[in-house]
Amino acid sequence: MYLHFTNHFIHKLFPHYVWRLPTAEKVIYLTFDDGPIPEVTPWVLTELEKYNAKATFFCVGDNVRKHPSIFEQVVAAGHSIGNHTFNHLNGWKTIDNIYLENVKRCQNYLDESQKNAKKLFRPPHGRLSSSQSALLRKEYEIIMWDVLSGDFDQSLKAEVCLQKTIRYTQKGSIVVFHDSQKAKKNLYFTLPRYLDHFSKQGFCFKVW
Ligand SMILES: [Zn+2]
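Notes on the structure follow. (Residues numbered from 1 in each chain as written. Predicted model: local features only at pLDDT ≥ 70, side-chain atom pairs only at ≥ 80, totals over all residues.)

### Structural notes on the environment of Y140
Next, step 1: By the element assignment, Y140 lies in the loop between α6 (130–137) and β5 (141–142).
Next, step 2: Placed 57 residues apart in sequence, Y140 and N83 show a C-alpha to C-alpha distance of 9.1 Å.
Next, step 3: Each residue touching Y140, except ones within four places of it in the same chain, is listed here: N83, K119, L120 and F121. (Helix = DSSP H or I, 4+ residues; strand = E, 2+ residues; numbered from the N terminus. Contact = placed C-beta atoms within 7 Å.)

### Topic: helix α4 (residues 68–76)
Next, step 1: Here α4 has its buried residues at I70, F71 and V74. Buried positions in α4, seen along its axis, are confined to an arc of 100° and lie on one side of it. The outward face of α4, more than 90 degrees from its buried face, is lined by the exposed residues P68, S69 and A76.
Next, step 2: Buried residues along α4 sit against α2 (41–50), β2 (55–59), α3 (61–66) and β3 (80–83). (Buried ≥ 20, exposed ≤ 12 C-beta atoms within 10 Å, placed from the backbone. Arc of directions from axis to C-beta.)

### Quick notes on helix α7 (residues 158–168)
Next, step 1: Those residues of α7 that fall on the buried side of the exposure criterion are C161, L162 and T165. Around the axis of α7, the buried residues are gathered within 95° of arc, so they sit on the same side. Turned more than 90 degrees away from the buried face of α7 sit E159 and R167, all of them exposed.
Next, step 2: Structurally, α7 contributes buried residues whose contacts are with β6 (147–148), β7 (174–178) and α8 (184–200).

Next up, the structure:
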């Protein structure tokens with residue numbers, strides 16, 4: 001069970017997290033979680049390039065370890081990088097020191113690409129205890145989302161995935177896609193059409 005969007009109530013409940021970046025400009029902040037993997041990430045890079053779109057990739061450290069050249073492609077294309085733990089841990093089921101250690105282990109693989117940037121973190125499943133959150137905020141900006149594409153949902157029809165992702169997007173939205181095997185079916189249908197739809201409306205896709 002998940003929602004395709006997060007509302008003001010949730011945003012107010014967790015004011016320390018970044019949910020969207022309200023603006024009068026036609027800007028969308030795309031994010032891709034769980035990569036990099038050779039089967040999907042290079043395809044995403046090609047699609048983004050067609051629209052001169054920049055995005056933030058919340059990488060799983062173990063995937064960066066396994067696929068360093070794919071990670072380098074993401075960095076070389078000028079996209080932004082965020083930390084998504086080393087093993088995609090669920091914060092609600094993991095004690096603080098193990099969780100923090102896992103974030104740090106991921107960070108070791110990202111640091112070269114983030115020398116001058118502010119460190120970004122997104123908790124897998126959006127799940128983080130309040131103590132984990134307080135500890136991580138000393139070092140990271142915690143980036144959530146206001147639009148969840150649901151691309152990972154195998155039971156979701158690709159057309160519905162596209163429609164809902166378009167419907168909930170507004171100026172300054174932070175939108176979640178996944179460069180993962182599980183999301184491939186919906187992503188391959190949705191991402192090109194989504195980019196096309198908003199480009200035609202004069203939107204651009206940026207990183208912060
Ligand atoms: Zn994830």
